[in-house]
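So you can see what is in the structure, the chains are spelled out below.
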Amino acid sequence: MVQFWRLFRRNRSAVLGLVILGLVILMAATAHLIFPDDPFRLAGRSMSPPGENGFLLGSDSLGRDVAAGIAHGAKTSLLIGLMATLVAVGLGTLMGGLAGYYGGLIDDILMRVTEMFQTIPSFVFAILLVAIMKPSIESIVIAIAVVSWPAVARLVRGEFLSLRGREFVQACHTLGMSDARIILREILPNCLSPIIVIGSLMVATAILIESGLAFLGLGDPNIMSWGFQIGAGRTLLRSAWWVCTFPGIAILITVLAINLVGEGLNDALNPRLRERT
Amino acid sequence: MSAPLLEIRDLHVALPAGSERPYAVEAVNADLAPNEILCIVGESGSGKSLMSRAVMGLLPKPHVHVAKGSIRFGEEDLVTIPDARLRQIRGSDISMIFQEPMTALNPVMTIGDQIDEVFRFHEKMSRRERRERAIGLLDDVHLPDPAASMRAYPHELSGGQRQRAMIAMALALDPKILIADEPTTALDVTTQAQILKLIKEMQEKHDTGVLFITHDFGVVADIADRVAVMQGGQMVEAGTAAEVLNNPQHPYTQRLIEAVPSLTPRPPRVQAAKPVLEVKNLTKTFRSGGGFLGFGGEERIVHAAKDVTLELRHGETLGIVGESGSGKSTVARCIVRLIEAEEGKILLGDTDLRPLGRAAMRPHRARIQMVFQDPFASLNPRTKVGAIISQGPIIQGVPREEAEAKTRELLKVVGLDERAYDRYPHEFSGGQRQRIGIARALVLGPDVLVADEPVSALDVSIQAQILRLLDEIRERMTLSMIFITHDLRVAAQVCDRLAVMRYGEVVETGPTAEIFRDPRHEYTRALLAAVPGKDWRAG
Amino acid sequence: MSRTAKRLRYVLKRLLQAIPIVLMIVVVNFFLLHMAEGDAVDVLAGEAGSATPEYMAELRAKFGLDQPLPVQLFVYLKNVLSFDLGYSFRHEMPVLELVMDRFWPTLLLMVSTILLAVGFGIVLGLLAATGLNTWRDTLISIFALVTYATPLFWVGLMFIVIFALNLGWFPTSGMKNVAAFNDTWSWANIKDVAHHLVLPTITLSLFYLALYTRLMRASMLEQAGMDYVTTARAKGLTENRIMFVHVLRNALLPVVTMAGVQVGALIGGSVIVESVFAWPGLGMLAFEALFARDLNLLLGIFLLSALLVVAVNLVVDIIYSSLDPRIEVS
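Rules of the game
- Residues numbered from 1 in each chain as written.
- Chains lettered and ligands numbered in written order.
- Predicted model: local features only at pLDDT ≥ 70, side-chain atom pairs only at ≥ 80, totals over all residues.
- Helix = DSSP H or I, 4+ residues; strand = E, 2+ residues; numbered from the N terminus.
- Buried ≥ 20, exposed ≤ 12 C-beta atoms within 10 Å, placed from the backbone.
- Contact = placed C-beta atoms within 7 Å.
- Pairing = 2+ DSSP bridges.
- Axes fitted to C-alpha atoms, helices over the stretch in contact; angles between N-to-C directions.
- Nonpolar A, V, L, I, M, F, W, Y, C, P; charged D, E, K, R; others polar.
- Parallel < 35°, antiparallel > 145°, perpendicular 65-115°, else oblique.
- Left-handed = near helix turned anticlockwise from the far one by under 90°.
- Expected span 1.5 Å × (residues − 1).

## Quick notes on the overall build of chain A
Logical step 1: Secondary structure summary: chain A contains 12 helices and 0 strands in total.
Logical step 2: Ordered by position in the sequence, the α and β elements of chain A form the string α-α-α-α-α-α-α-α-α-α-α-α.
Logical step 3: Across its three principal directions, the C-alpha atoms of chain A cover 75 × 45 × 30 Å.
Logical step 4: Across the 277 residues that make up chain A, the buried fraction comes to 53%.
Logical step 5: Contacts in chain A between residues far apart in sequence, at least 24 positions, make up 69% of those at least 6 positions apart.

Next comes the structure, spelled out in structure tokens:
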């Protein structure tokens with residue numbers, strides 16, 4: 001752990017990403033303290049430019065506070081990003097692990113399914129799923145997880161496939177070890193690093209997908225989110241540029257920070273790549 | 001002797017800060033004369049390979065660089081000359097061949113194009129002339145159908161053919177010096193013999209000076225005019241081949257040469273007639289391609305084991321020898337039930353192991369154990385050594401304390417400190433890891449030990465230690481052993497009887513001494529003839 | 001077997017492999033439709049204002065919803081195979097007609113985006129890798145990092161604010177000016193469409209440009225460490241020759257593969273970009289269908305876009321097979 005932190009620290013941009021991510025998390029955690037009111041509430045004069053009428057980042061056509069929306073939206077983005085990733089990583093690891101370890105028919109089926117997922121436009125599929133299930137936090141999480149798990153499954157399958165042929169796994173077979181124990185105790189710990197890395201990068205992708213869905217009007221109507229803010233503000237582009245601009249910057253910074261952290265994790269956990277450059 | 005082609009003086013190659021030692025190559029002096037083969041011998045980490053790269057200016061700069069010294073080639077010093085001049089020299093005056101011809105050739109360029117580049121960058125010649133020269137070269141290195149080989153991509157040739165193409169490319173402009181960095185290590189023994197012969201033939205034809213890097217004293221004996229021995233970056237001994245091989249002066253050289261197994265088979269041990277393990281008509285076929293959902297063109301079928309029958313007698317060591325693809329490893333893995341054979345019997349005592357299910361097989365696991373080839377891949381990097389060894393008995397139902405006590409005892413038996421128990425595999429060297437692997441197999445108290453190339457990934461001095469250990473243990477625990485190897489020298493020292501395999505079939509079996517003295521099958525004869533340094537009586 | 005025959009077999013094999021995938025997509029589509037269709041009946045019935053049980057049953061019979069599921073699947077498969085994608089009640093038109101109408105603008109947008117993203121991605125990645133750890137590399141890497149994290153719709157909106165509203169260089173939306181000539185292939189018309197195409201193409205390509213830049217850079221660096229590069233150096237070749245002939249061609253392979261894999265994601269992105277720029281393609285149609293809750297149409301678009309991905313992938317496979325002589329191995 002100490003050694004991991006030392007390696008991680010060497011990548012300065014990753015540390016910067018971690019700091020920014022920490023700030024975003026802090027903002028999400030304290031949103032209800034700084035902006036205790038409902039972010040959908042009319043908070044003052046509509047269309048106020050940033051800094052005027054007590055609006056730090058301005059207000060939209062209905063007089064909603066953009067800054068409050070961003071703070072509350074952070075909670076939504078992080079929550080959905082994290083939950084969708086957990087579901088996708090869990091499902092992907094399970095399917096990929098079984099396919100990689102047992103091969104044969106399970107593997108054949110999984111490979112066709114992941115190929116299908118590579119063929120269908122995943123964002124369109126997510127739109128369809130949310131539209132059919134009706135927009136809500138759950139349906140959005142499910143939709144994002146459904147279009148994301150095949151990537152994890154492919155990765156885990158590849159790792160399992162190469163590890164199961166490794167001599168230390170064969171040695172376990174010659175000792176008569178059970179499959180469950182080989183999978184959980186011998187192989188899985190050795191492919192945790194790439195799973196952690198892909199998971200961390202997937203949080204960023206999930207946040208982007210969520211904001212895209214919300215932008216198209218497929219967000220949970222009861223919850224404030226960045227994509228919704230931009231979608232609601234697009235008609236005001238001519239008159240109130242700030243309504244769209246600031247939530248977009250929030251997405252950009254958050255996703256960038258998570259990507260930086262993910263790359264830092266990759267460098268620290270993957271010594272083979274670290275030696276390059 | 002004429003004036004030297006290459007004079008290396010006080011060469012220091014610096015390693016990046018924080019490495020094990022400051023210099024990979026330290027204060028090395030060497031000369032290379034025209035028309036001679038100078039072998040640089042050493043174990044892994046001796047700096048022999050980096051020294052050869054320093055001559056070519058191919059060090060992985062800036063991390064590794066020449067810190068001091070000179071490499072004189074004619075009037076010039078290769079250490080200080082400008083890059084542009086060095087590029088002129090590379091490929092025309094000095095050229096190089098590498099260990100792994102598959103990765104050393106560009107996979108998406110034809111052999112013809114890759115040879116053509118050498119001409120284009122160094123000479124002014126018409127396209128037709130270049131083509132004719134290239135075809136001539138491929139003919140010189142005895143590639144079949146040179147015109148077709150020109151159009152071939154590297155993956156379409158065999159390993160030996162690729163190395164021939166590499167040699168043709170290196171010799172394209174008749175260089176004064178050829179640097180060969182372990183050029184036969186990745187090849188099978190019969191191919192190795194052909195490539196060595198080719199290098200010698202080419203060198204004599206063109207009066208080339210050859211700097212030949214190798215770890216194998218057998219190869220040295222076959223090819224060297226002069227020999228230099230390296231240890232830890234320093235050149236500890238140099239002299240003519242006869243001097244160094246037959247009368248080594250430096251203790252390190254003496255140790256190394258002593259560690260080379262002799263080709264004279266060991267005196268046969270008293271044979272018990274009772275077999276512990278009988279393999280009868282074992283057959284295993286691998287299929288790839290085809291399949292319903294794969295739409296994969298025609299199906300490829302490999303007969304990895306065809307009707308293999310073997311008998312392991314009580315207390316003996318049976319060697320299975322053969323080249324890569326002979327099926328020897330497949331047979332070993334079928335015996336320990338890592339691979340399911342399709343047909344045949346695997347009789348351990350009175351039980352046929354082949355049809356047993358997993359649960360039924362489990363109690364028999366303790367009786368037949370395996371030692372693997374790669375000391376780095378055969379231990380789980382995330383499990384402590386103690387747990388790696390003790391999990392076998394625990395699975396077999398031995399109480400935890402007892403398994404732990406047994407593990408500690410076994411660590412001592414294989415010559416490791418008891419403190420190894422709480423360490424992770426990466427804290428150990430290759431030889432030590434192989435000891436851990438042996439302990440893991442022995443802790444179950446097996447009757448039969450299957451060892452799959454247990455020493456082929458190790459340096460020769462470590463190899464000797466592990467072989468000695470296996471021998472001691474075999475005596476002490478009255479083990480019967482199946483020993484898979486491609487190295488006939490090792491086989492001669494370890495095995496009481498041999499089975500020679502080719503293309504999945506056993507072509508000959510018999511007592512080791514008999515097979516060495518009077519090989520019946522032509523393939524066995526070819527294998528024995530190809531052993532490097534067979535005329536040099538070591539040990 | 002000759003090399004051309006091998007290539008042909010490879011492409012044919014990939015084509016055959018696509019068939020079960022397309023079938024699977026159709027089946028998935030059917031089940032989505034099934035999940036959604038009850039909904040459509042409710043919606044239509046609700047709008048007709050006479051939601052009597054008789055009318056509902058009549059509607060169900062009209063959609064074939066009273067049949068057992070396997071029969072419905074069979075009918076659906078048959079319909080799809082005869083290019084019948086159903087009827088859009090909103091537009092009162094067969095889905096296929098609607099979709100084909102909007103197909104060409106999307107294809108135009110996709111092709112221009114792929115060319116821009118892959119082309120510039122390769123060039124930028126190459127520039128970054130050849131100037132490793134110089135300001136050039138740092139600049140390109142930062143650019144790629146930032147664009148990789150930017151939501152497409154936001155970039156689109158910002159472009160509209162800057163380049164369309166403030167600077168007035170490009171139109172804000174649409175594919176051509178209303179007043180433009182009707183003659184499709186007239187020079188003025190082509191220029192007009194191209195003018196409208198600039199902002200959507202740049203917007204859609206930015207993310208993929210970042211992706212290919214990063215991939216190309218990583219791929220170049222990986223290939224530069226390979227043994228054959230040492231061989232090339234040992235032959236006395238210049239660094240330029242090594243980079244641009246030996247390394248480049250090998251480094252392109254994963255980029256080309258990725259270009260195929262990303263086509264699906266690109267169509268997803270085009271939904272957003274088309275709706276931002278009101279580009280009259282499939283994505284825009286999908287956006288409209290979404291608002292009108294016209295799921296039949298949405299599923300038709302989904303199916304067609306999947307087929308489009310299959311087709312583009314096939315083209316990519318053909319390109320790949322000419323770059324990598326080892327295809328028959330993999």
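Having seen the model, we can carry on.
## Here we look at the overall build of chain C
Logical step 1: A count of helices and strands for chain C gives 12 helices and 2 strands.
Logical step 2: For chain C, the N- to C-terminal ordering of α and β elements is α-α-α-β-β-α-α-α-α-α-α-α-α-α.
Logical step 3: Among the 330 residues that make up chain C, the fraction classed as buried is 42%.
Logical step 4: Within chain C, counting contacts between residues at least 6 apart in sequence, those at least 24 apart form 70% of the total.

## With respect to the sheet that holds strand 17 (residues 448–452) of chain B
All names here are of chain B.
Logical step 1: Ordered by their spatial adjacency, 6 strands build an open sheet running 16-17-18-13-19-20, and the pairing between neighbours is mixed. Whereas interior strands pair on both sides, the edge strands pair on one side only; in this sheet they are strand 16 (368–371) and strand 20 (505–511). Neighbour to neighbour, the strand axes of the sheet diverge by 20° on average, direction disregarded.
Logical step 2: Sheet analysis places strand 13 (residues 317–321) next to strand 19 (residues 497–502), joined by 4 bridges and oriented parallel. Considered in strand 19, the bridge of Gly 319 is made with Leu 498.
Logical step 3: Across the face of the sheet, helix 16 (residues 430–442) comes into contact with strand 16 and strand 17 while running at roughly 175° to strand 16.
Logical step 4: On the sheet, helix 20 (residues 522–530) packs against strand 19 and strand 20 and is oriented at approximately 100° with respect to strand 19.

## Considerations on the pairing of strand 1 (residues 6–14) of chain B
Residue and element names in this part refer to chain B.
Logical step 1: Sheet topology places strand 1 next to strand 2 (residues 23–32); 6 bridges connect them, and they run antiparallel. Within the sheet, the bridge partner assigned to Val 13 lies in strand 2 and is Val 25.
Logical step 2: Summarising the sheet, strand 1 and strand 4 (residues 65–73) pair through 7 bridges and their orientation is antiparallel. Pairing of Val 13 across the sheet is with Val 66, part of strand 4.

## With respect to the interface of chain C and chain A
Logical step 1: Taken residue by residue, the interface counts 41 residues in chain C and 34 residues in chain A.
Logical step 2: Taken together, the elements giving at least two residues each to the side of chain C that touches chain A come down to helix 1 (3–48), helix 5 (135–148), helix 6 (152–166), helix 10 (263–277), helix 11 (282–291) and helix 12 (295–323) of chain C.
Logical step 3: Ranked by residue count, the leading element in the side of chain C that touches chain A is helix 10 of chain C, at 8 residues.
Logical step 4: Its residues assigned to classes, the side of chain C that touches chain A shows 34 nonpolar, 7 polar and no charged.

## Observations concerning the packing of helix 11 of chain C against helix 12 of chain C
Residues and elements named next belong to chain C.
Logical step 1: Remark: helix 11 packs on helix 12, axes separated minimally by 9 Å, with the N-to-C direction vectors making an angle of 155°. Of the possible angle classes, the one that applies to helix 11 and helix 12 is roughly antiparallel. In this structure, helix 11 crosses over helix 12, and the sense of that crossing is left-handed. The residues of helix 12 that touch helix 11, namely those facing Leu 282, Leu 285, Ala 286, Ala 289 and Leu 290, are Leu 297, Leu 298, Ile 301, Leu 304 and Ser 305.
Logical step 2: In terms of residue class, the contact of helix 11 with helix 12 is made up of 9 nonpolar, 1 polar and no charged.

## As for helix 4 (residues 111–122) of chain B
One full turn of an α-helix is made of 3.6 residues, so residues set three or four places apart face in the same direction.
Logical step 1: Over its 12 residues, helix 4 of chain B runs 18 Å from end to end, which matches the ideal 16 Å to within 8%, given 1.5 Å per residue.
Logical step 2: Contacts from the buried residues of helix 4 of chain B go to helix 5 (127–140), helix 6 (146–151) and helix 7 (159–170) of chain B.

## Concerning the interface of chain C and chain B
Logical step 1: In this assembly, 24 residues from chain C lie in contact with 26 residues from chain B.
Logical step 2: Residue assignment for the side of chain C that touches chain B shows that the elements contributing at least two residues are helix 1, helix 8 (227–234) and helix 9 (239–261) of chain C.
Logical step 3: For the side of chain C that touches chain B, the element with the most residues is helix 8 of chain C, which contributes 6 residues.
Logical step 4: Of the residues that constitute the side of chain C that touches chain B, the class distribution is 9 nonpolar, 7 polar and 8 charged.

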